[in-house]
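Here are the chains, one letter per residue:
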Amino acid sequence: MIYCPNCRSKEFISELNQYNILEFIDGDFRIIRTESVEEYRIFCRECGRELSNKNGQIIIKEQKSYKD
């Protein structure tokens, strides 16, 4: 079994990889179509850390730091 290297959870989730195209019609937003994105991101379901696969192993993806 493969676990999250941060919290040892065995459950993972993906970021949604689709979005809706909307138009404003008759005073309301209407979905015109839904499109999918080929790329996706994976997160630990328990701790929320972003993960990636490197050589068949789960690793914590480095988070970018933002300075004020």
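Observations regarding the sheet that holds strand 5 (residues 50-54)
Spatial strand order, 1-4-5-6: 4 strands in an open sheet with antiparallel pairing. Two strands close off the open sheet at either side, each with one partner strand: strand 1 (12-14) and strand 6 (57-60). Adjacent strand axes in the sheet meet at a mean angle of 45°, parallel and antiparallel pairs treated alike. In terms of strand pairing, strand 4 (residues 42-44) meets strand 5 through 2 bridges, oriented antiparallel. Opposite I42, over in strand 5, you have L51 as the bridge partner.

So, the side chain of E50
Relative to the elements of secondary structure, E50 occurs in strand 5. Its relative accessible area of 14% is what places E50 among the buried residues. Ignoring sequence-local partners within four residues, the contact set of E50 consists of R41, I42, F43, I59, I60 and K61.

What counts and how
- Residues numbered from 1 in each chain as written.
- Predicted model: local features only at pLDDT ≥ 70, side-chain atom pairs only at ≥ 80, totals over all residues.
- Heavy atoms only, no water.
- Pairing = 2+ DSSP bridges.
- Helix = DSSP H or I, 4+ residues; strand = E, 2+ residues; numbered from the N terminus.
- Axes fitted to C-alpha atoms, helices over the stretch in contact; angles between N-to-C directions.
- Buried < 20%, exposed > 50% of the residue type's maximum accessible area, 1.4 Å probe, protein only.
- Contact = heavy atoms within 4.5 Å.

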